[in-house]
Amino acid sequence: MMLHPLPKEAEGIPSPTQFTYPFCYRPHPLCQLAAKEVIDYCYNTPDMYPHEGKMFGVLIVEHEGKRYYLRAFSGICNGTCHHEGFVPPIYDLQQGYFREEEQRIVELTHQINDCGNEEERLKLKKLRKEKSQDLQTWTFHQFRMRNAQGEEADLIDIFKDYKSPFPEEEYIAYKEGRITTKPRGKYGVPPGGAGECCAPKLLQYAYLNGLKPICMGEFWMGPSMGNQMRIEANFYPSCQHKCVPILTFMLKGLNVEENPLVHRSMQLLKQVRILHEEDDFLIVYKPSGLLSVPGKNHGEPSLMEYLSNLNPNYVLMHRLDQDTSGVMIAAKNREACHWIQQLFMEHKMIKKYVAILDEPLKEEHLANSFPKGTITLPLSKNPFDSPRQVVDHRFGKPAFTYYEFTSPQRIELFPESGRTHQLRIHCAHPEGLGIPIKGDILYGSASDRLYLHAESLSFCHPLTGKWMHFEDKAF
């Protein structure tokens, strides 16, 4: 019941020679065909209709010389973790000891709410906390993951060398001021929901049933949840805080693709150009796809390392997103570092970006001229889905972007603040322009690149009084 034959269109498509690197990939055509079939099935099956947005996944497998696909969803779908034709959970939390103990904790909460004796309330709260921690630890031990080498480890073992994010309820309590200590992640403590994503479920089923994994893809189905800005049928990489430790273990023994960003970045270094150079600073072009500064993946080169190789004293004075191309400034000495920093702090460094949107403005929005205006959506990071950011009207930091359309699909952007992914979210979010930038894999749809380019930097040189303008046009 779990093995589904691939559509007839797949007959002429060869299998990949290596398994999918799940944290950065373009979906293989076999996965795209299987995903389309899953989407059609769900929208035509009442029990599976995606009333709420959810991540789904497909795993292409080989069994007795034939190719099939497995399908899965993350967590619970329409009230249950069991649906016909979808792989089962690694451990069913909807029945047995977990549900019984969970109910006891709920009963303790009722007792606490009904208790009028403060001393007794404190005892009950302590007992509830102990039971919750014991149940959580017990649960992590039940998720025993397999890998292609035949090894087995539970979540406690898998996360022992990883720092997990803090609980979401602690984060909200801190933001609301109910607790004063900023929550911090802990090493060796798996996050809630670990092991329930679709990718681990798919691999676990394949290993337990002697199926050979070929390639995999995860995609969104249903409406976007909250501020996530997910797009129907878009493929997304596996999540960082839950799946990196789990999949790193589960993929052992498979011939997995190298992280494509590492090889690509080495090639992109050849595209770096020095646009202008003076005694105090230089203007440099960063290509799309190259990191501005070193990231968590230490094998991936960055523009900052490139400049350090030219001269260890050079300092890159600002950042661009990895997928954004354009003009950047680097200081060559301490004095220049100081006055350039002041220009940025006082908003005297004029930055102009250009972008191509995923689709043109509708005719009714054009009127007699191209629109222009200001977007003021506050932003904050999403600590539970890095590197994505969210619009956060309660706790977000102010972010201001002036925009001006130059054609129905081309726009010039002038940020007055420098929040992470500011321009991308201000374009994509329904309260902003409501149209993602073309090629934005986080907030829109994939393309050959992100069509966002830092076209120019302009400023008045504080030492000479000369107006400086540097630009590099892309589109």
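Values in this document were obtained by computation on a predicted structure and should not be read as measured data.

**Brief notes about the environment of T17**
Piece 1. Mapped onto the elements of the fold, T17 is located in the loop between strand 1 (4-5) and helix 1 (29-43).
Piece 2. Residues T17 and H241 lie 224 residues apart in sequence; the distance between their C-alpha atoms is 28 Å.

**Section: unusual backbone geometry**
Piece 1. Notably, E64 is not glycine yet its phi reads approximately 50°, a positive angle.
Piece 2. Following the sequence through the fold, E64 ends up in the loop between strand 2 (54-63) and strand 3 (66-73).
Piece 3. With relative accessibility at 73%, the residue E64 sits in the exposed group.
Piece 4. A positive phi angle, close to 60°, is found at H421, a residue other than glycine.
Piece 5. In this structure, H421 sits in the loop between strand 19 (410-415) and helix 12 (422-428).
Piece 6. Looking at H421, the relative accessible area reads 8%, which means it is buried.

**Remarks on the packing of helix 2 (residues 97-114) against helix 3 (residues 118-142)**
Piece 1. Orientation of helix 2 relative to helix 3, taken along the N-to-C sense of each, is 165°, at an axis distance of 10 Å. When the axes of helix 2 and helix 3 are compared, the pair comes out roughly antiparallel. Crossing of helix 2 against helix 3: the hand is left-handed. Only R121, L124, K125, L127, R128, K131, S132, L135, W138 and T139 of helix 3 make contact with helix 2, whose side of the interface consists of Y97, F98, E101, E102, I105, L108, T109, Q111, I112 and N113.
Piece 2. Here the contact of helix 2 with helix 3 is built from residues that sort into nine nonpolar, five polar and six charged.

**A short note on empty space enclosed by the protein**
Piece 1. Inspection of the entire model under this criterion finds one cavity of 30 Å³ or more.
Piece 2. Lining of the largest cavity is provided by T20, P22, Y25, M216, G217, E218 and S238.
Piece 3. Residue composition of the lining of the largest cavity, grouped by class: three nonpolar, three polar and one charged.

**Here we look at the side chain of S458**
Piece 1. On the secondary structure map, S458 appears in strand 20 (residues 452-460).
Piece 2. A distance of 2.6 Å separates the side chain of S458 from the side chain of H469, its partner in a polar contact.
Piece 3. When neighbours within four sequence positions are excluded, S458 is seen to be in contact with K348, M349, I350, W467, M468 and H469.

**Brief notes about the pairing of strand 18 (residues 401-405)**
Piece 1. Residues T401, Y403 and F405 of strand 18 are buried on one face, while the alternating residues Y402 and E404, pointing to the opposite face, are not.
Piece 2. Pairing between strand 15 (residues 372-375) and strand 18: four bridges, direction antiparallel. Looking at the pairing, G373 lines up with Y403 of strand 18.
Piece 3. Counted along the chain from strand 18 to the antiparallel partner strand 19, the turn is four residues long.

**Concerning the pairing of strand 19**
A regular strand places its side chains so that they alternate between the two faces of the sheet.
Piece 1. In terms of burial, strand 19 is a largely internal element, five of the six residues being buried.
Piece 2. Here strand 14 (residues 350-356) pairs with strand 19 via four bridges, running antiparallel. Across the sheet, the residue bridging to I356 is R410, located in strand 19.
Piece 3. Bridge count between strand 18 and strand 19: five bridges; the pairing is antiparallel. When the sheet's bridge partners are listed, E404 is paired in strand 19 with E412.

Definitions and cut-offs
Within every chain, residues take consecutive numbers counted from 1 along the sequence as written. Side-chain atom pairs in this predicted model are given and counted only at pLDDT of 80 or more, local residue features only at pLDDT of at least 70, and totals for whole chains, interfaces and linings cover all residues. No hydrogens and no water enter the side-chain calculation; it runs on all heavy atoms of the structure. In this description a helix means any DSSP run of H or I spanning at least four residues, a strand means any run of E spanning at least two, and both kinds are numbered starting from the N terminus. Per-residue accessibility, obtained with a 1.4 Å probe over protein chains only, is compared with the maximum for each type, and a residue is labelled buried under 20%, exposed over 50%, and partly exposed between these values. Angles run from 0 to 180 degrees between N-to-C directions of axes, and those axes are lines fitted to C-alpha atoms, restricted for helices to the stretch in contact. Geometric relationships in this document are graded by angle, where less than 35 degrees denotes roughly parallel, more than 145 denotes roughly antiparallel, 65 to 115 denotes roughly perpendicular, and other angles denote oblique. Definitions for this section: a left-handed crossing has its near helix turned counterclockwise from the far helix by less than a right angle. A right-handed crossing has that turn clockwise. The contact rule is simple, with two residues in contact once any of their heavy atoms fall within 4.5 Å. All residues other than Ala, Val, Leu, Ile, Met, Phe, Trp, Tyr, Cys, Pro, Asp, Glu, Lys and Arg, Gly among them, are scored as polar; the first ten of these are nonpolar and the last four charged. A pocket here means an open set of points on a 1 Å grid, computed over the protein atoms alone, that has protein on both sides within 12 Å along at least five of seven lines. A cavity is instead a set of points where a 1.4 Å probe fits but cannot get out; residues with an atom within 4 Å of a point line either one. Grid points are joined across faces, edges and corners, and a volume is the space filled by probe spheres set on the points. Think of a polar contact as two N or O atoms within 3.5 Å of one another; within protein, one of them needs to be a possible hydrogen donor and the other a possible acceptor, and neighboring residues in sequence only count if both atoms come from side chains. When DSSP locates at least two bridges between a pair of strands, those strands are taken to pair.

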